[in-house]
Amino acid sequence: MEGANDQFEDIIGSGVGDEYGEEEFEISASNQDAGDDKFDQYVGALQDILLDEEFENMTKSFCVKYCMEFEATEENKLQYTSIFKEYQDTIEGYLMTRLAKEVPDFSMEYFSNELKNRKDEIDEQIMDLLLSFSDFAQFKEMMIFERAHFVATTPKPKSKKAQALGLKDHID
């Protein structure tokens, strides 16, 4: 076993590289073409935007504002259409502005075509979110989920009878 440790020491202590015996290195994919790099740049920028707190707050605010309008039924109310349109305009406008800022020469036409052809290369959660911008059923499902979460996490006011009896909202 001592021989293996000697080899390990030889690799570590070889003195090659900077003053600490370390070399800088870069990992690159030599088989990728410019189209792959461009697509990866677009996807990376999109992921950064979607994970950004500002985007999360904007979508959460929108969902909280309208989630109580949605019901978990087969029937779709007329107002769902205008809410869905507002959601598309809000999200699409925000994404377009941010992507144009983050990616030089951003082309939505190019990115849309690449997404169709390479959807298997995109994280499933990101694809679901992208679909919610154009797929009404996905959007409605998201709004119903938000409604359930909102109802479950919103504190309920004390009834007048409970107040009159002096009952507390919580157990000490």
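Just above, that's the structure.
How do you make sense of a negative patch on the surface when you look at a structure like this?
Among the surface-exposed residues, Asp123, Glu124, Asp128 and Glu141 lie close enough to one another that they form a single negatively charged patch. Examined against the element boundaries, Asp123 turns out to sit in the loop between α5 (108–117) and α6 (124–134).

Just to check I follow, could you spell out the pattern of salt bridges for this structure?
Think of it this way: side chains of opposite charge can pair up when their charged atoms draw near. With the rule as written, the count across this model stands at 7 salt bridges. The shortest N-O distance in the salt bridge between Arg118 and Glu114 comes to 3.0 Å. With a relative accessible area of 17%, Glu114 lands in the buried category. Linking Arg118 and Glu121 is a salt bridge whose minimum nitrogen-to-oxygen distance equals 3.2 Å.

Please explain the packing of aromatic side chains as it appears in this structure.
Aromatic ring pairs are reported here in terms of the distance separating the ring centres and the angle at which the planes meet. Tallying each qualifying case throughout the model produces 16 aromatic pairs. Taking 4.9 Å as the distance between ring centres and 50° as the angle between the ring planes, the aromatic pair formed by Phe62 and Tyr66 counts as tilted. Of this pair, Phe62 and Tyr66 are both found in helix α3 (residues 53–66), 4 residues apart, which corresponds to roughly one turn of the helix. Residue class for Phe62 comes out buried when judged on its relative accessible area of 7%. Plain terms: the ring middles of Phe70 and Phe139 are 5.6 Å apart, the flat faces sit at 80° to each other, and that makes the pair edge-to-face. You can see Phe70 sitting in the loop between α3 and α4 (78–102) and its partner Phe139 sitting in helix α7 (residues 136–153), a full 69 residues away along the chain. Each member of the pair Phe70 and Phe139 is classed as buried. Aromatic rings pair up to connect Phe62, Tyr66, Phe70, Tyr80, Phe84, Tyr87, Phe133, Phe136 and Phe139 into one cluster.

Is there a simple way to think about the packing of α3 against α7 in this case?
Each pair of packed helices can be described by the angle between their axes along with the distance between the axes. Here α3 crosses α7 at 80°, and the two axes come no closer than 9 Å. Between α3 and α7, the angle falls in the class roughly perpendicular. Here α3 contributes Lys60, Phe62, Cys63, Val64 and Tyr66 to the contact with α7, which in turn contributes Phe139, Met142, Met143, Glu146, His149 and Phe150. The residue inventory of the contact of α3 with α7, partitioned by class, reads 8 nonpolar, 1 polar and 2 charged.

Cut-offs applied
- Residues numbered from 1 in each chain as written.
- Predicted model: local features only at pLDDT ≥ 70, side-chain atom pairs only at ≥ 80, totals over all residues.
- Heavy atoms only, no water.
- Patch = residues over 30% accessible without salt bridge, like charges linked within 9 Å, V, L, I, M, F, W, Y side chains within 5 Å.
- Areas by Shrake-Rupley, 256 points an atom, 1.4 Å probe, with all protein chains shown as cover.
- Salt bridge = Lys/Arg side-chain N within 4 Å of Asp/Glu carboxyl O.
- Lys, Arg positive; Asp, Glu negative; His and termini not counted.
- Charge placed at Lys NZ, Arg CZ, Asp CG, Glu CD.
- Helix = DSSP H or I, 4+ residues; strand = E, 2+ residues; numbered from the N terminus.
- Buried < 20%, exposed > 50% of the residue type's maximum accessible area, 1.4 Å probe, protein only.
- Phe/Tyr/Trp six-rings, centres within 6.5 Å; stacked < 30°, edge-to-face > 60°.
- Axes fitted to C-alpha atoms, helices over the stretch in contact; angles between N-to-C directions.
- Parallel < 35°, antiparallel > 145°, perpendicular 65-115°, else oblique.
- Contact = heavy atoms within 4.5 Å.
- Nonpolar A, V, L, I, M, F, W, Y, C, P; charged D, E, K, R; others polar.

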